[in-house]
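Chain and residue survey
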Amino acid sequence: MRVLRGAARASGNALAVALLAAAAPAAAEPPAGASSCSGCHAASAKVDTPVPRIFGRQPAEIIAAMQAFRSGEPPSTVMGRIAKGFSEDEIRAIAVWLAAQH
Amino acid sequence: MWTTRRAFLRGSAATASTALLPTPGLGQAKARVVVLGGGFAGASCARELQRAEPRLAVTLVEENPIYTACPFSNSVIAGLRDIAAQRFGYNALRAEGVAVVQDRASSVDQQRRLISLSSGSALGYDRLVVAPGIDIRWSALPGYDQAAAEVMPHAWKAGDQTLLLRRQLEEMADGGTVLISAPANPFRCPPGPYERASLIAYYLKTKKPRSKLIVLDAKDSFSKQRLFQAGWEQLYPGLLEWVSLSKGGKVTSVDPAIRTLVTDFASYKADVANVIPPQRAGHIAEIAGVADQTGWCPIDPVTFESRLQANIHVIGDAVIAGAMPKSAFAANAQAKVCAAAVTALLRNETPSPPKLINTCYSLVAPDYGISIAGVYHPVNGQLADVEGAGGVSPADAPPDFRALEANYAEAWFRTITAQTFG
């Protein structure tokens, strides 16, 4: 969503449009909050961690998980506290962005 | 990336107009971003900039070839971890195209956008990111200078100081007294002194059980306080005592010759004394002119651009980040937001308002972890808590929950160091 708005905002600037067009989807600016996820959720498969992988997952899976965390179900350590900081639109944008990262 | 002043001036004339990220094939010089400081903030930002925009020329200036990480250094002090597990180099950044220069900045010319390095070289930039970390305010606590720190280590920058404190604990006889002096806010890693107290207490309980640990505090409250205190009552009764500000805990001077901490009410003689002293932004902040009279760095919460210097961004422990604490997680999150903002600005775009997350784990014992989390967004020019989000681990959690969080703490360290340095 934000990516589309960003493109529209920049449309007055031919140079910026050219750069955005040239950029691969994975290089799109992360939507609000998205870049923090990799602080705990490893982007690299090489990292040994029990924390679930979220990069490259289907957006619907991320959206469903975040909505569940926001409602307090299922039990969690930190995700219940973090998910409450994001709106449905923000969660959707993050999920779409995460799906494009791999 | 090296440039003489003359070459820099030629270069700046060629790229002076509009967007600084050239379209491919125009033969222009690459837009140049220099990052000063290679800790969690600086290294994360340099790497993220290079990944997000391969057409940037990104240079990281760091005087040490090896970075020694502070998170989990309390476990090193308590003899639970090898310091080698804290050490990271910059080869992964080099492999991704970041120019890593082992040097230190001696001055920054904000008008010419030119950095002078100690080696005598100069480095031009279109945008500069400074990640100064912290410096100790020597002698702000009377008696605590560099020489005193060799007797009563701060161990608040990881490395030799960490090992010195560990060695002193190992050499102390059973039945000794360990003192920790905790500073007033703000300082690096708000829960850090209390995790340190916990793990030193764990060491004493298991190795030197007749000993005593006293925390002398310049505050009446601290991060995750109820969780720490519940853990202390359960695990270290009679061994660990916390003396708050209002109970006379504020250390007003120290005497390294007799290893003594002085408050307004008493003198405490230590066998081992760990003085966590008052702090400020690291010296790079002063050189870049981005620290204010508080010693810390005011920033725009959308772009992390300095409020004091145009085209210079500040990230990590050195910044005044409102509700956001001075943590490695926060530094890494800020670095990624700053990298996106810098890239957008160089494309002549307007950076979008960000949200940032912080998650900090602390160990009360090796298998007993607790956490605090927060979500932050810009409000009235400062980073504020997103209401309704964040908070600490539940007070009534069962042991398996504490063990899970201890496990997540270690996983977090592996993840963030892999992302930053690996």
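Residues numbered from 1 in each chain as written. Chains lettered and ligands numbered in written order. Predicted model: local features only at pLDDT ≥ 70, side-chain atom pairs only at ≥ 80, totals over all residues.

Focus: the overall build of chain B
Scanning chain B from terminus to terminus reveals 11 helices and 25 strands. Its C-alpha atoms give chain B a radius of gyration of 22 Å, within 12% of the compact-globule value 22 Å for 422 residues. Seen through its C-alpha atoms, chain B measures out along the principal axes to roughly 75 × 45 × 40 Å. The proportion of buried residues among the 422 residues of chain B is 54%. (Helix = DSSP H or I, 4+ residues; strand = E, 2+ residues; numbered from the N terminus. Rg over C-alpha atoms; globule rule 2.2 N^0.38 Å. Buried ≥ 20, exposed ≤ 12 C-beta atoms within 10 Å, placed from the backbone.)

Some words on the environment of P59 of chain A
Residue and element names in this part refer to chain A. With respect to the helices, strands and loops of the structure, P59 is situated in helix α3 (residues 59-71). We classify P59 as partly exposed; it has 17 C-beta atoms within 10 Å. In this view, P59 contacts A95, V96 and A99; residues no more than four positions away in its chain are not counted. (Contact = placed C-beta atoms within 7 Å.)

Re the domain arrangement of chain B
Residues and elements named next belong to chain B. You can read the domains of chain B as domain 1 (5-63 + 102-135 + 280-351) and domain 2 (138-277 + 360-420). When each unit is reduced to the centre of its C-alpha atoms, the spacing between domain 1 and domain 2 is 32 Å. Of the residues lining the interface, 19 residues belong to domain 1; the matching set on domain 2 comes to 15 residues. Elements with a minimum of two residues in the side of domain 1 that touches domain 2: α2 (40-52) and α10 (328-346). (Domains from an automatic or database assignment.)

Comments concerning the nonpolar core
Residue and element names in this part refer to chain B. C45, V130, I200, C297, V314 and I315 are the most contacted members of the largest nonpolar core, which has 156 residues in total. Among the elements that take part in this core, α10 stands out by supplying 15 residues, more than any other. Each of two domains, domain 1 (5-63 + 102-135 + 280-351) and domain 2 (138-277 + 360-420), supplies a minimum of three residues to this core. (Core = buried A, V, L, I, M, F, W, Y, C linked by C-beta atoms within 7 Å.)

Digging into the confidence of the model for chain B
All names here are of chain B. Looking at chain B as a whole, the pLDDT averages 94, with 93% of positions reaching at least 70. A low-confidence stretch, residues 1-17 stays under pLDDT 50, and its non-local contacts, those more than four residues away or across chains, total 27 contacts. Among the prediction metrics, the complex's ipTM stands at 0.89, with pTM recorded as 0.91. (pLDDT = per-residue confidence, 0-100.)

A closer look at the interface of chain A and chain B
With 34 residues of chain A at the contact, the number on the chain B side is 42 residues. Contributions of two or more residues to the side of chain A that touches chain B are made by α1 (2-9), α2 (14-22) and α4 (79-83) of chain A. Here the side of chain A that touches chain B takes four residues from α2 of chain A, the largest share from any one element. Here the side of chain A that touches chain B is built from residues that sort into 16 nonpolar, 11 polar and seven charged. (Nonpolar A, V, L, I, M, F, W, Y, C, P; charged D, E, K, R; others polar.)

Things to note about the packing of α3 of chain A against helix α5 (residues 88-99) of chain A
All names here are of chain A. Contact pair α3 / α5: the axes reach a minimum separation of 8 Å and the direction vectors enclose 140°. By the criterion of interaxial angle, the relationship of α3 to α5 is oblique. Of the two possible hands of crossing, α3 and α5 adopt the one that is right-handed. Contacts from P59, I62, I63 and M66 in α3 reach I91, R92, A95, V96, L98 and A99 in α5. Here the residues of the contact of α3 with α5 sort into nine nonpolar, no polar and one charged. (Axes fitted to C-alpha atoms, helices over the stretch in contact; angles between N-to-C directions. Parallel < 35°, antiparallel > 145°, perpendicular 65-115°, else oblique. Left-handed = near helix turned anticlockwise from the far one by under 90°.)

Notes on unusual backbone geometry
The omega torsion across E73 of chain A and P74 of chain A is 0°, close enough to zero to call that bond cis. You can see P74 of chain A is positioned in the loop between α3 and α4. Cis peptide bonds are those with omega within 30 degrees of zero, and the linkage from N185 of chain B to P186 of chain B qualifies with -5°. Along the chain, P186 of chain B falls in the loop between β11 (177-182) and α7 (192-207). One non-glycine residue, C189 of chain B, lies in the positive phi region at around 60°. With respect to the element layout, C189 of chain B can be found in the loop between β11 and α7. With a phi angle near 50°, N380 of chain B is a residue other than glycine that sits in the positive phi range.

Here we look at the sheet that holds strand β15 (residues 260-263) of chain B
Paired through their backbone hydrogen bonds, the strands of a sheet run either parallel or antiparallel. Residue and element names in this part refer to chain B. Strands sit in the order β14-β15-β16 across an open sheet of three strands; the sheet is antiparallel. Looking at strand neighbours, the two that pair on one side only are β14 (251-255) and β16 (267-269), the edges of this open sheet. The mean inter-strand angle of the sheet, taken between neighbouring strand axes irrespective of direction, is 20°. In terms of strand pairing, β15 meets β16 through three bridges, oriented antiparallel. When the bridges of β16 are listed, T260 appears paired with K269. (Pairing = 2+ DSSP bridges.)

Some words on α3 of chain A
Residue and element names in this part refer to chain A. With 13 residues, α3 should cover 18 Å at 1.5 Å per step; its first-to-last C-alpha distance of 18 Å lies within 8% of that length. Within the sequence span of α3, burial applies to I62, M66, F69 and R70. Seen along its axis, α3 keeps its buried residues to an arc of 100°; they face one direction. Counted as exposed and oriented over 90 degrees from the buried face of α3: A60 and S71. Buried residues in α3 make contact with α4 and α5. (Expected span 1.5 Å × (residues − 1). Arc of directions from axis to C-beta.)

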